[in-house]
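Here are the chains, one letter per residue:
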Amino acid sequence: MNLLEARDVSRHFGGLRAVDGVDLSLEDRGIHAIIGPNGAGKTTFVSLLCGRLSCSAGTIRFDGEDITGLPAWRRARRGIAYTFQITSIFPRLTVRENLAIAVQGCSTRREDPGPRVTDILARVDLPDRTGEAAGTLPYGHQRLLEVGMGLALAPRLLILDEPTQGLSDSEINHFCGLVRNIAWDAAVLLIEHNMRVVMELADRITVLDHGRVLSRGTPAQIRSDPAVQAAYLGTGAD
């Protein structure tokens, strides 16, 4: 059984079909990328998966359970974490305080968040920035902190929306290592425009165009697909 099954998922805004009959299956490990031109429906689709938007049609099942009608916070409690295109940290709080809030927010018990926070700091490589105000961190470190806040949920599915946007090459390389590490014990759903990152990280890729699935397959299959080249990658894609 797959971890997530989306079937014929659609979202309409008046006459605009932002997402139109999209299917997606995710296993419980590994990295699946969603790519496509601007306006293809990528962020709208993952917003439907995590509950930030409601479906106009279709069903979403997670770990065998129909979650189509569940609000975002209930999906988060079940293990679906989402990181935004624009960082959503608490800039005046310290790095440790941001993570402590995330840990406490996803726990149903009153417990000391300290050990969990320390583990996350080490995992995202921020142990030396723990007492700094989050808003004073370099942008790349803010992105790492937001991923850490997602990891506070102990997610079974981590959705990363344009995570390398604005990062330097060295920061991107470090981030890719982190994502590979996460994918050993969770499913990662990656929305990304950087094709080098996508081709290096993804096990499978789904291509959206005008709200519909244009193609799906391995990186090699997507790279050589004439329809994808015409709509998005171009004939000189690496």
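In this report, we go over the structure that sits alongside the text. Quick caveat, the model's predicted, so the values are computed rather than measured. (Residues numbered from 1 in each chain as written. Predicted model: local features only at pLDDT ≥ 70, side-chain atom pairs only at ≥ 80, totals over all residues. Heavy atoms only, no water.)

Section: the side chain of H32
- With respect to the element layout, H32 can be found in strand β3 (residues 30-35).
- Ignoring any residue separated from it by four or fewer positions in sequence, one finds H32 in contact with L24, S25, L26, V188, L189, L190, R204, I205 and T206. (Helix = DSSP H or I, 4+ residues; strand = E, 2+ residues; numbered from the N terminus. Contact = heavy atoms within 4.5 Å.)

Brief notes about the nonpolar core
- Formed by 46 residues in total, the largest nonpolar core has its most connected members in L99, L145, V147, L160, I182 and I205.
- With 6 residues, the single largest contributor to this core is helix α6 (residues 169-182).
- If near-sequence neighbours (up to four positions away) are discounted, L145 is found in contact with I89, V95, N98, L99, L126, A134 and L137.
- Counting residues in hydrophobic clusters, the runner-up holds 28 residues, among them L70, I159, L189 and I191. (Core = buried A, V, L, I, M, F, W, Y, C linked by side-chain atoms within 4.5 Å. Buried < 20%, exposed > 50% of the residue type's maximum accessible area, 1.4 Å probe, protein only.)

What to know about the layout of surface pockets
- Roughly 500 Å³ of volume is contained in the largest pocket.
- Together, 22 residues line the largest pocket, and A76, A81, Y82, F84 and L153 are the ones closest to its centre.
- Its residues assigned to classes, the lining of the largest pocket shows 14 nonpolar, 4 polar and 4 charged.
- Computed from the structure, the second largest pocket encloses a volume of approximately 290 Å³.
- Residue lining of the second largest pocket: 18 residues in total, with S25, L26, E27, H32 and R204 positioned closest to the centre.
- The biggest single contributor to the lining of the second largest pocket is strand β2 (residues 16-26), with 4 residues.
- Tallied by class, residues from the lining of the second largest pocket come to 6 nonpolar, 6 polar and 6 charged. (1 Å grid on protein atoms, 1.4 Å probe; cavity = no way out; pocket = protein on both sides within 12 Å on 5 of 7 lines; lining within 4 Å. Points joined across faces, edges and corners; volume = space filled by probe spheres on them. Nonpolar A, V, L, I, M, F, W, Y, C, P; charged D, E, K, R; others polar.)

Digging into the sheet that holds strand β8 (residues 187-191)
- Judged by pairing direction, the sheet is mixed, and its 6 strands sit side by side in the order β6-β7-β8-β3-β9-β10 without closing on themselves. The two strands at the open ends of the sheet, each matched to only one other strand, are β6 (80-83) and β10 (212-217). Averaged over all pairs of adjacent strands, the angle between strand axes in this sheet comes to 20°, irrespective of strand direction.
- Where β3 lies against strand β9 (residues 204-209), 4 bridges are found, and the strand directions are parallel. Each bridged residue has a counterpart across the sheet, and for I35 the counterpart in β9 is V207.
- Here helix α1 (residues 42-50) sits on the sheet in contact with β3, β6, β7 (157-161), β8 and β9, set at roughly 145° to β6. (Pairing = 2+ DSSP bridges. Axes fitted to C-alpha atoms, helices over the stretch in contact; angles between N-to-C directions.)

Remember that the coordinates give geometry; whether it matters functionally is a separate question.
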